[in-house]
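Spelled out from the first residue to the last, the chains are:
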Amino acid sequence: MEAGVVLKAKGICMTFPGVKALDHVTLTLKKGEIRALMGENGAGKSTLIKCLTGVNKFEAGEIYLEGFDKPIVNKDTMDAQKKGISTVYQEVNLCPNLSVAENLYIGREPLTKIGTVNRKLMIKKAADLMKELELDIDVTKNLEDYSLALQQMVAIARAVDMDSKVLILDEPTSSLDDKEVEKLFTMMRNLKAKGVGIIFVTHFLEQVYAVCDGITVLRNGTLVGEYD
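Criteria and cut-off values
Residues numbered from 1 in each chain as written. Predicted model: local features only at pLDDT ≥ 70, side-chain atom pairs only at ≥ 80, totals over all residues. Heavy atoms only, no water. Helix = DSSP H or I, 4+ residues; strand = E, 2+ residues; numbered from the N terminus. Rg over C-alpha atoms; globule rule 2.2 N^0.38 Å. Buried < 20%, exposed > 50% of the residue type's maximum accessible area, 1.4 Å probe, protein only. Contact = heavy atoms within 4.5 Å. Areas by Shrake-Rupley, 256 points an atom, 1.4 Å probe, with all protein chains shown as cover. Lys, Arg positive; Asp, Glu negative; His and termini not counted. Charge placed at Lys NZ, Arg CZ, Asp CG, Glu CD. Pairing = 2+ DSSP bridges. Axes fitted to C-alpha atoms, helices over the stretch in contact; angles between N-to-C directions. Parallel < 35°, antiparallel > 145°, perpendicular 65-115°, else oblique. Left-handed = near helix turned anticlockwise from the far one by under 90°. Core = buried A, V, L, I, M, F, W, Y, C linked by side-chain atoms within 4.5 Å.

Draft legend 1. Layout of the overall build of the protein. In terms of regular secondary structure, the protein is built from 7 helices and 9 strands. Relative to the 2.2 N^0.38 estimate, which gives 17 Å for 228 residues, the radius of gyration of the protein is 18 Å and therefore close to what a compact globule would have. Looking at the 228 residues of the protein, the share that counts as buried comes to 49%. When contacts within the protein are restricted to residue pairs at least 6 apart in sequence, those whose partners lie at least 24 apart make up 66%. Surface accessibility of the protein: about 11,400 Å² in total, with carbon and sulfur atoms responsible for 51%. Seen as two clouds, the 29 positive and the 32 negative side-chain charges of the protein have centres 6 Å apart.

See the structure below:
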């Protein structure tokens, strides 16, 4: 794989009954790059994301990821996450009735010597993570006490804390106001500075110019091109 590239999908083909959803699509993402994935509804953006994250079993093509010396195969989203590819969707996939700290560490809670959840350590780790990402959030409060924008940032923080090399943001701004979008962009720029590669799916061209380094354009399941 080329130097500085964190993720490369090459020649991805995916067919649904009667439909060629992806026809030899390529996507290249560098470390510390924010790349917009663009195209009309039905262009193949969601299908490509599902191929990258193990939801779709594509029939041809290869996915390369930094740190692996041969193409990777993701069995499911958990497998992709373990390798370093995380996705945050428009609908936040967390538990609103649990605290921010519990959401950040659900399924991977720090334990005491006797095997119970070490709540004190979990709250400290969550607070440290929020501080590192410059988020003003009380981690002991329930997730539902915060705006959708902050809930999405908690979902992103969880992905980052799981050592994601690649973060896929699937239309995260569609239900945010301008102030919330700017908060999200600040967080994206902070992650970019740490070397995380970000794929940003959006329909808003002005947001692409505000925050992205490159654009990959799909049309009817084919690659139109990759551009700075």
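Draft legend 2. Structural view of the sheet that holds strand β2 (residues 19–30). Strand order across the open sheet formed by 3 strands is β2-β1-β4, with antiparallel pairing between neighbours. The open sheet has two free edges, formed respectively by β2 and β4 (60–65), since each of these has just one partner strand. Neighbour-to-neighbour, the strand axes of the sheet open up by a mean angle of 10°, direction not taken into account. In the sheet, strand β1 (residues 5–16) pairs with β2 via 8 bridges, with the strands oriented antiparallel.

Draft legend 3. Local environment of the sheet that holds strand β9 (residues 222–227). The mixed open sheet is built from 6 strands, whose spatial order is β5-β6-β7-β3-β8-β9. With one partner strand each, in any of the chains shown, β5 (85–89) and β9 form the two edges of the open sheet. Neighbour-to-neighbour, the strand axes of this sheet turn through a mean angle of 20°, independent of strand direction. The pairing of strand β3 (residues 34–38) with strand β7 (residues 197–201) spans 4 bridges and is classified as parallel.

Draft legend 4. How the structure looks around the packing of helix α5 (residues 148–161) against helix α6 (residues 178–193). The interhelical angle for the contact between α5 and α6, taken along N-to-C directions, is 10°, at an axis separation of 10 Å. Overall, the two elements α5 and α6 adopt an arrangement that is roughly parallel. Read as a crossing pair, α5 and α6 show a hand that is right-handed. Along the contact surface, α5 presents A149, M153, I156, A157 and V160, while α6 presents E180, K183, L184, M187 and L191.

Draft legend 5. Broad picture of the nonpolar core. Ranked by internal contacts, the top residues of the largest apolar core, which has 45 residues, are L104, I156, L167 and M188. Looking at this core, the elements that each hand over two or more residues are β3, α3 (100–105), α4 (119–132), α5, β6 (166–170), α6, β7 and α7 (205–211). If you tally residues by element for this core, the top one is α5, at 9 residues. Those residues within four positions of L104 in sequence are excluded, and the remaining contacts are A126, L129, M130, V154, A157 and R158. Counting 26 residues, the second-largest nonpolar core is a separate cluster that includes A9, L29, L37 and I63.

Draft legend 6. Representation of the environment of L27. Within the element layout of this structure, L27 appears in strand β2. Accessibility expressed as a relative area gives 1% for L27, which makes it buried. When the C-alpha positions of L27 and V154 are compared, they lie 27 Å apart, and in sequence the two are 127 residues distant. In this view, L27 contacts L7, K8, A9, L37, L48, I199, T216 and E226; residues no more than four positions away in its chain are not counted.

Draft legend 7. Layout of the side chain of E33. In this structure, E33 sits in the loop between β2 and β3. Relative accessible area serves as the criterion here: at 6%, E33 is assigned to the buried category. Leave out the neighbours within four places in its chain, and E33 touches T28, K192, V196, G197, I198, D213 and G214.

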